[in-house]
Amino acid sequence: MLGDDEILTVTLADSAAGLRLDRALAEALPDLSRERLKTLIKGGRVSDASGAVLWDPSAKAAPATLAVRLPAPAPAHNVAQDLDLVISFEDEHLIVVDKPAGMVVHPAAGNLDGTMVNALLHHCAGQLSGVGGVARPGIVHRIDKDTSGLIVAAKHDKAHEGLAKQFAAHSIDRRYLALATGRPIPPNGTVNAALGRSSTNRKKMAVVAEGRGKHAITHYRTIEALKNATLVECRLETGRTHQVRVHMAHIGHPLVGDPVYGRAKKPLSDTLKARNFTRQALHAAHLGFIHPVTGNSIALDSELPADMRELIDELRV
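Residues numbered from 1 in each chain as written. Predicted model: local features only at pLDDT ≥ 70, side-chain atom pairs only at ≥ 80, totals over all residues. Heavy atoms only, no water.

## A word on the pairing of strand 13 (residues 282–290)
Looking along a regular strand, one sees the side chains alternate between the two faces of the sheet.
Phase 1 of the analysis: Most of strand 13 is tucked away: eight of the nine residues are buried.
Phase 2 of the analysis: Two elements, strand 6 (residues 148–154) and strand 13, share two bridges in a ladder whose sense is parallel. Considered in strand 13, the bridge of Gly-149 is made with Ala-284.
Phase 3 of the analysis: Pairing between strand 7 (residues 173–181) and strand 13: six bridges, direction antiparallel. From the neighbouring strand, Ala-178 faces strand 13, where its bridge partner is Leu-282. (Buried < 20%, exposed > 50% of the residue type's maximum accessible area, 1.4 Å probe, protein only. Helix = DSSP H or I, 4+ residues; strand = E, 2+ residues; numbered from the N terminus. Pairing = 2+ DSSP bridges.)

And the structure:
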């Protein structure tokens, strides 16, 4: 850290040679958009190992270790809101919420209130970990707005750090139930494919060459064959943005209802339209971890929400 700045150290691989500097950094730092990196470069916030500032986003990159200085986020003055929460587990150290589809996890542009963070600030009376900063108090991980299911938040920094270590070590047991289009072949398998930002759409993730993105592994197994779809369980060995959605699309079976990574064909699309089912059919159904303070094993399950249950009933063969 330098002042309130966060320093990211990034090593550009041999494959970056000859690329524009902003593109090479975007591939090495998939959580930052190319436009954001271009702004950082022009602002004098990227330097080489000698400390020399690199000012030109279009300059040719070369294999090297660079430093990127991220300015501290402007404080997000989150408001505590009395919103309904389904609590699966809670003690003085942490809380596990069964999040409904449609609820955003933390405030951001376009979703400044009505989020899980707003609800947690009210429910926990402000007693949330500060590790995530004021923008993400207590948040250790996240699930997409339109994905339902279990998510854990920390009430103090010791709990947050203990949980974060387990996520980093990939020892958290996370299992999702999903409706995939078609019939995965083989019916049980593993997708081992690195993920990074799409080169054509920075709002999407994509499978990229190993070394250009983040290592990602998803284990899937068929639970039930349905009409034009399959109920699968996906166990995450890693936890990357949109991992299940991208990995299932990568093997040719995007999730039913996914508006970004797949489009259902008739007659399945007609069923979805009749039911007004417009979200990815994905539910965080199981969460297992070691309690970061007590050392006890915690294993929690969440039932499928009504919209997925009813859709499965209609699709049963």
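Here the narrative resumes, following the displayed structure.
## A look at the pattern of salt bridges
Phase 1 of the analysis: Across all of its chains, the model carries 16 salt bridges by this definition.
Phase 2 of the analysis: The salt bridge involving Lys-266 is made with Asp-270; its shortest N-O contact spans 2.8 Å.
Phase 3 of the analysis: With a relative accessible area of 37%, Asp-270 lands in the partly exposed category.
Phase 4 of the analysis: The residue Asp-307 makes a salt bridge to Arg-279 at a minimum N-O spacing of 2.9 Å. With Asp-307 in helix 7 (residues 306–315) and Arg-279 in the loop between helix 6 (268–275) and strand 13, this pair connects stretches of sequence that are 28 residues apart.
Phase 5 of the analysis: Members of the salt-bridge network, linked through shared partners, are Arg-20, Asp-22 and Arg-34. (Salt bridge = Lys/Arg side-chain N within 4 Å of Asp/Glu carboxyl O.)

## Let's talk about the packing of helix 6 against helix 7
Phase 1 of the analysis: It is at 12 Å that the axes of helix 6 and helix 7 come closest, and there the two elements cross at 140°. As summarised for this structure, helix 6 and helix 7 are arranged oblique, according to the angle between their axes. Here helix 6 and helix 7 pass one another in a crossing that is right-handed. Residue-level inspection shows Leu-268, Thr-271, Leu-272 and Arg-275 of helix 6 in contact with helix 7, the latter providing Glu-310, Leu-311, Glu-314 and Leu-315.
Phase 2 of the analysis: Of the residues contributing to the contact of helix 6 with helix 7, the split by class is four nonpolar, one polar and three charged. (Axes fitted to C-alpha atoms, helices over the stretch in contact; angles between N-to-C directions. Parallel < 35°, antiparallel > 145°, perpendicular 65-115°, else oblique. Left-handed = near helix turned anticlockwise from the far one by under 90°. Contact = heavy atoms within 4.5 Å. Nonpolar A, V, L, I, M, F, W, Y, C, P; charged D, E, K, R; others polar.)

## Considerations on the nonpolar core
Phase 1 of the analysis: Ranked by internal contacts, the top residues of the largest apolar core, which has 19 residues, are Val-10, Leu-12, Leu-25, Leu-29, Leu-37, Leu-66 and Val-68.
Phase 2 of the analysis: A total of four residues in this core trace back to one element, the largest contributor, which is helix 1 (residues 21–28).
Phase 3 of the analysis: Sequence-distant contacts of Leu-12, defined by excluding residues within four places in its chain, comprise Ala-24, Leu-25, Ala-28, Ala-61, Ala-62, Pro-63, Ala-64 and Leu-66. (Core = buried A, V, L, I, M, F, W, Y, C linked by side-chain atoms within 4.5 Å.)

## Thoughts on unusual backbone geometry
Phase 1 of the analysis: In this model, Ile-185 is joined to Pro-186 through a cis peptide bond whose omega is 0°.
Phase 2 of the analysis: Mapped onto the fold, Pro-186 is located in the loop between strand 7 and strand 8 (188–192).
Phase 3 of the analysis: Lys-266 connects to Pro-267 through a cis peptide bond whose omega is 5°.
Phase 4 of the analysis: Its location among the elements puts Pro-267 in the loop between helix 5 (243–250) and helix 6.
Phase 5 of the analysis: If you check the backbone angles, Asn-228 has positive phi at about 65° while not being a glycine.
Phase 6 of the analysis: In this fold, Asn-228 is placed in the loop between strand 11 (217–226) and strand 12 (229–236).

## Details of the side chain of Thr-115
Phase 1 of the analysis: On the secondary structure map, Thr-115 appears in the loop between strand 5 (94–99) and helix 3 (116–123).
Phase 2 of the analysis: Polar side-chain contacts of Thr-115 include one of 2.7 Å to the side chain of Asn-118.
Phase 3 of the analysis: For Thr-115, the residues in contact, after removing those within four places along its chain, are Gln-81, Leu-83, Met-103, Val-104, Val-105, His-106 and Pro-107. (Polar contact = N/O pair within 3.5 Å; in protein donor to acceptor, adjacent residues only side chain to side chain.)

## What about helix 5?
Phase 1 of the analysis: Within helix 5, six of the eight residues are buried, which leaves the element mostly enclosed by the surrounding structure.
Phase 2 of the analysis: Looking at helix 5, one finds that the buried residues are Gln-243, Val-244, Arg-245, Val-246, His-247 and Met-248.
Phase 3 of the analysis: Note on helix 5: the residue one or two positions beyond its end, Gly-252, has a positive phi of about 90°.

## Side note on helix 6
Phase 1 of the analysis: Among the residues of helix 6, Leu-268, Thr-271 and Leu-272 are the ones counted as buried. The buried residues of helix 6 occupy one face: seen down the axis, they fall within an arc of 95°. Along helix 6, exposed side chains directed more than 90 degrees from the buried face belong to Lys-273 and Ala-274.
Phase 2 of the analysis: Among the structural elements, strand 7 and helix 7 are those in contact with the buried residues of helix 6.
Phase 3 of the analysis: Phi for Asn-276, located one or two positions after helix 6, is positive at around 55°. (Arc of directions from axis to C-beta.)

## Overview of the layout of surface pockets
Phase 1 of the analysis: If you add up the space inside the second largest pocket, you get close to 270 Å³.
Phase 2 of the analysis: What lines the second largest pocket is a set of 14 residues, among which Gly-257, Asp-258, Gly-262, Arg-263 and Ala-264 lie closest to the centre.
Phase 3 of the analysis: Here the residues of the lining of the second largest pocket sort into seven nonpolar, four polar and three charged. (1 Å grid on protein atoms, 1.4 Å probe; cavity = no way out; pocket = protein on both sides within 12 Å on 5 of 7 lines; lining within 4 Å. Points joined across faces, edges and corners; volume = space filled by probe spheres on them.)

Honestly, that's just the spatial picture; any functional story needs more than this.
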